[in-house]
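Now for the letters of each chain:
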Amino acid sequence: MELRRFQSDLNAIIERKIQGGLQQVDSILAHVVPGGGKSLLPPIISKYVHHLNGKLCWIVPRVKLMQQGAKDFQKPWARRLVGHSGEMREATNEPNPTRGKIGFITTYQALGRAPELHREEFDRHDYVLFCDEIHHVSKGSKWHRALAPLVQKAELKVFGTGSIERGDREPIAFLPYAKDAPRDGHPGNRRSESGQQKGGYVVDASGRRNWRSIRYRRSEAISDGAILPLNFRILDGTAEWIDEDGKQRQTGSLANLNQEDARAALDTFLRTQAAHEILDSAIADWEKTRKSYRPARLLVAAPDRQHARKYREYISGEHGHDVGLAIVDDRGQNQEALTQIDRFDPQKSDGPDVGVLVTVAMAYEGLSIKPITHIACLTQYRTKAWLKQLFDRGNRVADGKPKPVIYGPDDPFFERCRAQIAQEQEKAVPLEKMWEEEVCKNEGPEQPSGTGSAEDEGIVPIGSSVLRERGIWNGDEFGYRQIAEIKQKMADLEMEEENPAKVAALLAELGFDLGDLVSGEPESTASATTSAASADTGDSGSGENLCARGTSGTETTTVKEREESLKDRIDTRIGRWAWQQPGDTGQNKQRANGQVKALFGPRSKLSEEELKECWKHVRMKYPLR
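Thresholds applied
Residues numbered from 1 in each chain as written. Predicted model: local features only at pLDDT ≥ 70, side-chain atom pairs only at ≥ 80, totals over all residues. Heavy atoms only, no water. Helix = DSSP H or I, 4+ residues; strand = E, 2+ residues; numbered from the N terminus. Contact = heavy atoms within 4.5 Å. Areas by Shrake-Rupley, 256 points an atom, 1.4 Å probe, with all protein chains shown as cover. Polar contact = N/O pair within 3.5 Å; in protein donor to acceptor, adjacent residues only side chain to side chain. pLDDT = per-residue confidence, 0-100. Phe/Tyr/Trp six-rings, centres within 6.5 Å; stacked < 30°, edge-to-face > 60°. Buried < 20%, exposed > 50% of the residue type's maximum accessible area, 1.4 Å probe, protein only. Lys NZ or Arg CZ within 6 Å of the ring centre and 35° of its normal.

Some thoughts on the overall build of the protein
Each helix and strand in the protein was counted, giving 20 helices and 19 strands. When contacts within the protein are restricted to residue pairs at least 6 apart in sequence, those whose partners lie at least 24 apart make up 75%. Just so you have it, the protein exposes about 27100 Å², and 45% of that area is on carbon and sulfur atoms.

A look at the environment of Asp280
Position of Asp280 among the secondary structure elements: in helix H10 (residues 273-290). When sequence neighbours within four positions are dropped, the list of residues in contact with Asp280 reads Tyr314 and His319. There is a polar contact of 2.7 Å between the side chain of Asp280 and the side chain of Tyr314. There is a polar contact of 2.9 Å between the side chain of Asp280 and the side chain of His319.

Notes on the environment of Ile13
As for its position among the elements, Ile13 is in helix H1 (residues 5-18). Expressed as a C-alpha distance, the spacing of Ile13 and Ser213, which sit 200 residues apart in the sequence, is 9.9 Å. In contact with Ile13, not counting residues within four places along its chain, are Leu22, Ile28, Arg212 and Ile214.

Regarding the confidence of the model for the protein
In the predicted model, the protein carries a mean pLDDT of 82, and 81% of its residues have values of at least 70. Contacts for the low-pLDDT stretch residues 428-454, under 50 throughout, to residues beyond four places or in other chains number 90 contacts. Contacts for the low-pLDDT stretch residues 532-556, under 50 throughout, to residues beyond four places or in other chains number 40 contacts.

Concerning unusual backbone geometry
With a phi close to 50 degrees, Asn96 is a non-glycine residue in the positive phi region. By the element assignment, Asn96 lies in the loop between strand S3 (88-90) and strand S4 (103-107).

Looking at the packing of aromatic side chains
Counting across every chain of the model gives 12 aromatic pairs. Ring centres 5.5 Å apart and planes at 80 degrees place the aromatic pair Phe232 and Phe391 in the edge-to-face group. Of this pair, Phe232 sits in strand S10 (residues 231-242) while Phe391 sits in helix H13 (residues 384-391), and the two are 159 residues apart along the sequence. The exposure classification of Phe232 matches that of Phe391, with both residues buried. Considering the side-chain rings of Trp577 and Tyr622, the 4.9 Å spacing of their centres and the 70 degrees angle between planes classify their relative orientation as edge-to-face. With Trp577 in helix H18 (residues 559-580) and Tyr622 in the segment after helix H20 (608-621), this pair connects stretches of sequence that are 45 residues apart. As far as burial versus exposure is concerned, Trp577 and Tyr622 are alike and both buried. Taking NZ or CZ as reference, Arg297 lies 6.0 Å from the ring centre of Phe344, over its face.

See below:
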């Protein structure tokens, strides 16, 4: 086993500093694709710690990463490869955190709670600082203020990250941005080397003698066999919902909608029938894969806790699988979630085999389970940084593991991220270029807290249905028409394989003439969003009305179902509002329910129209933070 290029780059910098060179260099940025091997950087850094006769502080954003990092540091293969024998001690706000070890590993949360304790420790010893996943620390934040004295005191600072951008568009603390980058907390405009104007912050260390960077791109990692390339099944269809004004809206396609309609259609897609259809596709493929790769795991990212529970019930009831549920509970505790993640990990589970995990806002750094082969992206998170982290839960390499498959709706935000990953997987790597312009842009809806639902958007989902799909397999793109034709051929031949994109790619590899079946672009889509009134008259307002009543395929809901949906949302909103208020949550909820009842009467006796009015009142009267 040999060091990968970026690991060798860091090792060379450390060796030169030990030999007395590069004395001006005190800051290093390590931008490494998730799964690329960033966890080997602290052992490499530890050699410089020995040279200083100092200590190493490693800071991570999650407790799970703290535990994982401490174990990775002392793995025998890492010690042989780097030539170190030290150990890192896990410590959260304890005096003398190293206690005879080479260093300690802690979390940003712990540092934020006791910054003075860490400052005193850095005063007592010479420290090298490794800030892992530094993109979690925004400029001017509480964590930035707590970390700043440690950065100032450390002999050497290494900032590691798998993402050089933040979903909230804020600059990342301590990174060197272009001199003309905005300093008021809002992205500005800057021209790239090609002259194209880009919005956002640009990392640029030009002329900064104290900085060095190491970079490991997706294409390099795939070429090295460090990670697997990603394949996709992307499903499109109809959606129908009631908007904030109480009007019934519908669309025949998620693709090519404007941002406002795309968000409402996406929320509907994730919370009604289409979500089950996406799950059905993912489960069928996963079950097929398990026949040849038994450890295969299916990860499901849900939009909120309520629907995470519903997804678990659906998978258990309809498909008969044991399903783990990893969500933060109503009190903000996540111990049970960590237990469920351990059950999902075949290396840690000593109980029944749990092949499916449904989670909310936890499929991110720290979830490193190599056998994940299928990921159902049923979350509304749409920043590129978040989606990439989710997708890359499946890119780990394991013996016998096939390339991972990502399943998701065909909304514009998802496609934007998917297209960028495709470019990264194929992109040639200019090895001589040390720094690359990186832009932090908000590409879509922001990351919610993980407890939200469609009610926060002020809409009531009615129904949805998957009508078509397209796929990306081994770099080839298969459009809607191509996939439909492949599906028909599979049915004619009674093929067992569930994934049509995989079949098309296999036929192409074998030399079959597929004609127009292989395409670099999906077919253009006709997409329209209409109100219920225009749908009734057949007047879509723009383009063909693909979702006219009786022809859309959208699952119809009964009056009773819509009433129950409204009541659920009213109850959920009041419960969440009550939890956010000071004092006893139960008393807060009881008081709010009494106020609503005094105005509208018992909800069990309200009509659908009355429930709509009640819902509008509750959203205005009981806002969420």
